[in-house]
Amino acid sequence: MGGIEIRKSILSFAFLSFGWYVVASLHLVNPMFLPTPFETLKEGARLIAEKKIFIDLIYSFRRIFYGVSLALIMGIPVGLGLGYYEKVYRYLECILDFFRSIPPILTFPLAMLIFGTGEESRIAVIFFGCVSIVILNSAVGVGNSPKLRVNAAKIMGAKWYQIFSRVVIFDALPQIFVGIRVSLSMGVIIGIVTEMLVGDKYGLGSRVVNAQIAYDTPGLFFTIIIVGLIGLTINKLLISLENRVIHWKKVM
Amino acid sequence: MWGIDVKNVTKKVKASDGKSELIFSNFNLQVKESEVVGIFGPNGCGKTTLLNMIAGIVKPDAGEILIFGEKPGRKSIAYIFQDYQNSLFPWLTVKDNILFPLSLTKMKRKDIKEKLDFLTDAIKVPFDLDKYPYQLSGGQQQYVSILRGLISDPMAMLIDEPFSALDYSNSLWLMEKMEEILKNMSIPAIIVAHDLDHLMCTTERICFLSEKPTSVVLEKLIDLDNPKRQCKLGNSLFKEAKQELTNLYSRKVLAYGWN
């Protein structure tokens, strides 16, 4: 993102906050439900000063990180393999779509039965929700890559593992990155929803539910904003990483 | 011994409507040990299939193909594709692209570097080797894929429409470069092109193909020392030769004929 884009983004955020301020301070909405930006910031400053929000952040992050990482570690190789062996992929495509169609959070009760109410069940649900996305995108990445490059490598005498590690993976990288981005967003959603369903002592989802019970709308708003900002930051960081790693895609 | 020997080859392929279509029936083509042969023919007559068979990607249904007496796939062959963008590796620098075939072998780094130095000494490379393919012009990219083909000391060279994805100035540039390279290499080479000018400038013999089932209907030797070849496109002798070929060909191949 260049300087001009950043300025534009800041400006639009400023406008949004100003609109919020006007609506809230004119009491157009019951102040119980809509605190002013200042009240929200004040509550935020308190949460930050007391370091409470950081503990929640760390807990939520850790769950999401483990779940998504597991999905990537398993999903990328499986997806690449399925994409390479198209015939096998055709058999499994429908099953993958079936699993992808199940709202991941639906499996949370089952995961709790198996793993208990601790970390494992949350990580398992995040993994379940992300792994099919990663597999599918990696497989599609291989499937869509130009066959000519593989043929060229074959003529030059490349063995199958060389074709795989030196050609196929690179051609699939752009789509693998799409999978990483989508699964991270999915991981954030699932992670926070599991915290809301069955509260843990810590976590951003738990914080939101607790704030609701306590009628602490400024705290609620602040947490929602934080989650939004986290999602935005992750996405932007990944895009800039993607542009650096897949330098050839920007042009082509 | 022939450099490339295509003997009585028959090949059927599946057309888009599912029917199998006979492309080659007892097709023959011989290329001498250091001869550059041009292939000219109507669309869909199987020029690329022929190259694929010689390269060993596709097997003929009947007949035999030998490269210096051996079956395809045994000896190293340089195959240059029309679509240079999808045959180069955009994630590698130009240098690593050229060295890719060697990096697949167990060759030592020192020897690989020596090989590259040797190649770049023999052939002038007018651009930075540390650039990426997408930073070069189309002609330069095609040139890189030719260099990549040459690095592993190929026994034969197959070049499939190297100019057709290039604009006019790029193809002029590449044509000159290729003429230079082919002159120095002295290996059997087959160039497929759909522009007579390109073939007249780069090859020693042009084979004109018929429609399916494909055969060689006309062969024309291009005299290397003839001034027609030296001065290329602008020369009147060159134009005359081209006109003569076009006339001969259009009478023999329906797709190009008037009747």
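In the annotation of an unreviewed UniProt entry, the entry for chain A reads Putative ABC transporter permease protein BAB2_1148, and the organism field reads Candidatus Desulfosporosinus infrequens. Per its UniProt entry, chain A bears the Subcellular location (unreviewed entry) comment "Cell membrane". Among the UniProt annotations of chain A, the heading Sequence similarities (unreviewed entry) holds the following wording: "Belongs to the binding-protein-dependent transport system permease family."

Novice: How do you make sense of the sheet that holds strand S1 (residues 4-14) of chain B when you look at a structure like this?
Specialist: Sheets are built from strands that pair by backbone hydrogen bonding, the pairs being arranged parallel or antiparallel. Residue and element names in this part refer to chain B. Strand order in the open sheet made by the 3 strands is S2-S1-S4, with antiparallel pairing throughout. Since the sheet does not close on itself, it has two edges, and those belong to strand S2 (20-31) and strand S4 (62-67), each with one partner. Neighbour-to-neighbour, the strand axes of the sheet open up by a mean angle of 30 degrees, direction not taken into account.

Novice: Explanation requested: the packing of helix H8 (residues 160-197) of chain A against helix H10 (residues 217-245) of chain A in the structure shown.
Specialist: Helix-helix packing is characterised by the crossing angle of the two axes and by the distance between the axes. All names here are of chain A. With their axes 11 Å apart at the nearest point, H8 and H10 run at an angle of 165 degrees to one another. With respect to H10, the axis of H8 lies roughly antiparallel. In the packing of H8 onto H10, the handedness of the crossing is right-handed. Contacts between H8 and H10 involve Leu173, Pro174, Phe177, Ile180, Arg181, Leu184, Val188 and Ile192 from the former and Val227, Ile234, Asn235, Leu238, Ile239, Leu241, Glu242 and Val245 from the latter. Looking at the contact of H8 with H10 residue by residue, the class counts come to 13 nonpolar, 1 polar and 2 charged.

Novice: Help me understand the pairing of strand S9 (residues 216-221) of chain B, please; the structure alone is not making it clear to me.
Specialist: Taken residue by residue, a regular strand's side chains alternate between the two faces of the sheet. Residues and elements named next belong to chain B. Judged from the 5 bridges that link them, strand S8 (residues 205-209) and S9 form a sheet pairing that is antiparallel. By the bridge assignment, phenylalanine 208 is partnered in S9 with leucine 218. Between the antiparallel neighbours S8 and S9 lie 6 residues.

Reading the values: rules and limits
- Sequence positions are assigned chain by chain, starting from 1 and proceeding in written order.
- Whichever chain is written first becomes A and whichever ligand is written first becomes 1, with later ones labelled in order.
- Since the coordinates come from a predicted model, pLDDT governs what is reported: local features require at least 70, and pairs of side-chain atoms require 80 or more to be given and counted, while whole-chain, interface and lining totals use all residues.
- Based on all heavy atoms of the structure, the side-chain values leave hydrogens and waters out of the count.
- UniProt positions are given in the numbering used here, feature names are shortened, and annotations may be inferred rather than shown by experiment.
- One bridge is not enough; two strands pair if DSSP finds at least two bridges between them.
- Runs of E in the DSSP output that reach at least two residues are strands. Runs of H or I that reach at least four are helices, and both are numbered from the N terminus.
- Between N-to-C directions, angles span 0 to 180 degrees; the directions come from axes that are lines fitted to C-alpha atoms, helices contributing only their stretch in contact.
- Each angle gets one of four labels, with under 35 degrees taken as roughly parallel, over 145 as roughly antiparallel, 65 to 115 as roughly perpendicular, and the rest as oblique.
- Take the far helix as the reference: if the near one is turned anticlockwise from it by less than a right angle, the crossing is left-handed, and if turned clockwise, right-handed.
- The contact criterion used is simple: two residues touch if any of their non-hydrogen atoms lie within 4.5 Å.
- Note on residue classes: Ala, Val, Leu, Ile, Met, Phe, Trp, Tyr, Cys and Pro are nonpolar, Asp, Glu, Lys and Arg are charged, and everything else, Gly too, is polar.

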